[in-house]
Amino acid sequence: MQKKINSYNKIMAKILKRDFYSEETTEVARNMLGKVLCREINGAIYRGLIVETEAYTQDEPSCHAYNGITKRSKTLFEKPGLAYVYMTYGMYHCLNITTEREGFGASALIRAIEPLSANFTNTNGPAKMCRELNITRELNGVDVTNRQSGLWLEEGTAVEAENIVQTTRIGIKLAAELPWRFYIKDNKWVSKK
DNA sequence: GATAAGATGTTA
DNA sequence: AACATCTTATCA
């Protein structure tokens, strides 16, 4: 039995469909703010408000798709609305959702969420969030437009344009000047530099 | 508070 | 050798 800590659980949740992810990657990353990341583990559903994202596309060298289709990057070239989960620094995972269209390697990285349900709190960074929600490479390639995979996104709350901050991405050296990171202003769950 | 270094395994 | 990170230690 899940403990209810937020009235969000009472409203009927709408799952984001594939057309949401079919826009330009920077738009998808921006639009993801205020949406709800959902993870079902052993019947319990964990929900978190997305508060920080980044965009990556095959056109710039920091993206894993930059060098074309490889064993790691192939999910990025599949249809939009799939989970792209990769291992980083040998011990962590990061979660992206594929964007745009099949054949174009691109995704939006979810860097931080604000917990909306009980029993998880350590979510202010991409790898910590994955650890808390047990997101590993087993979920690479799953469809997040339905609940079957145990990982999906739902409609959340609207975020006004004035509360969205756009800046440069974190932790990369290449194409570091691109302002492709988005976060909700003054939200305490946003990761630190 | 800030900064530095170590853990760790996959990738091209 | 570099890496879309995080934690701990060591300063101040």
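For clarity, every value in this text was computed on a predicted model and none was experimentally measured.

**What to know about the protein's contact with DNA strand B**
Every residue close to DNA strand B is listed here: N67, T70, K71, R72, S73, M87, Y89, G90 and M91. Taken together, the residues that form the surface near DNA strand B break down as three nonpolar, four polar and two charged.

**Structural notes on the nonpolar core**
Grouped together as the largest cluster of nonpolar side chains are 46 residues, with contacts concentrated most on I50, V51, A83 and I113. Not counting chain neighbours up to four residues away, the residues in contact with I113 comprise L37, G48, L49, I50, V51, T123, M129 and W189.

**Observations regarding the protein's contact with DNA strand C**
Close contacts around DNA strand C come from 20 residues, with Y56, L109, G125, A127 and G171 the closest. Within the residue set of the surface near DNA strand C, elements represented by two or more residues are β4 (92-98), β5 (106-115) and α3 (126-132). Among the residues forming the surface near DNA strand C, the class breakdown is 10 nonpolar, eight polar and two charged.

**Considering the environment of P126**
Within the element layout of this structure, P126 appears in helix α3. In the structure, P126 is positioned 14 residues away from A112 in sequence and 5.8 Å away in space, judged by C-alpha atoms. What P126 contacts, discounting residues up to four positions off in sequence, is C94, L95, L109, I110 and R111.

**With respect to the confidence of the model for chain A**
Regions with low pLDDT carry predicted coordinates that are not meant to be interpreted in detail. When pLDDT is averaged along chain A, the result is 93, and 94% of the positions lie at 70 or above. Scored below 50 in pLDDT, residues 1-5 shows seven contacts in the model against residues more than four places distant or in partner chains.

**A closer look at the pairing of strand β3 (residues 83-88)**
Of the pairings in the sheet, the one linking β3 to β4 comprises six bridges and is antiparallel in character. Residue pairing across strands places V85 opposite L95, the latter belonging to β4. Counting the residues that bridge the hairpin from β3 to β4 gives three residues, and of these Y89 lies at a positive phi of roughly 50 degrees.

**Digging into helix α2 (residues 25-32)**
Residues spaced three or four apart along an α-helix face the same direction, because each turn holds 3.6 residues. Buried residues dominate α2, accounting for six of its eight residues. Among all positions of α2, only T25, T26, V28, A29, R30 and M32 are buried. Residues of α2 that are buried sit in contact with α1 (18-21), β2 (44-57), β5, β7 (164-167) and β8 (181-184). G34 sits one or two residues past α2 and shows a positive phi near 90 degrees.

**Regarding the environment of Y183**
In this structure, Y183 sits in strand β8. Linking Y183 and V159, residues 24 residues apart in sequence, is a C-alpha distance of 10 Å. Those residues in contact with Y183 that sit more than four places away from it in its chain are V51, E52, V165 and V190.

**Here we look at the pairing of β2**
Burial analysis of β2 places 12 of its 14 residues in the buried class, which makes it a mostly covered element. Two elements, strand β1 (residues 36-41) and β2, share six bridges in a ladder whose sense is antiparallel. Its bridge partner lying in β2, E40 is registered against I45. Following β1, the chain reverses through two residues before pairing antiparallel with β2; N42 in that reversal takes a positive phi of roughly 50 degrees. Looking at chain direction, β2 and β8 are connected through three bridges and run antiparallel. Bridging from a neighbouring strand, T53 pairs with F182 of β8.

Rules used throughout
- Per-chain numbering applies: the sequence of each chain, read as written, is numbered from 1 onward.
- Each chain takes a letter, starting from A, and each ligand takes a number, starting from 1, following the order in which they are written.
- Totals for whole chains, interfaces and linings use every residue, but because this is a predicted model, local features are given only for residues with pLDDT of at least 70 and side-chain atom pairs only at 80 or more, for both listing and counting.
- Placing the C-beta atom from the backbone, one calls a residue near a molecule or strand if that atom lies within 6 Å of it.
- Any residue that is not Ala, Val, Leu, Ile, Met, Phe, Trp, Tyr, Cys, Pro, Asp, Glu, Lys or Arg is counted as polar, Gly included; the first ten are nonpolar and the last four charged.
- Put simply, a nonpolar core is a cluster of buried Ala, Val, Leu, Ile, Met, Phe, Trp, Tyr and Cys residues tied together by C-beta atoms within 7 Å.
- For the exposure call, what matters is how many other C-beta atoms sit within 10 Å of a residue's own: 20 or more marks it buried, 12 or fewer exposed, and in between partly exposed, using C-beta atoms placed from the backbone.
- Contact between two residues is assigned whenever their backbone-derived C-beta positions fall within 7 Å.
- Where helices and strands are cited, they refer to DSSP runs of H or I of at least four residues and of E of at least two residues respectively, numbered from the N terminus.
- Confidence scores per residue from the predictor, reported as pLDDT, run from 0 to 100.
- Strand pairing follows a simple DSSP-based rule, namely that at least 2 bridges must link the two strands.

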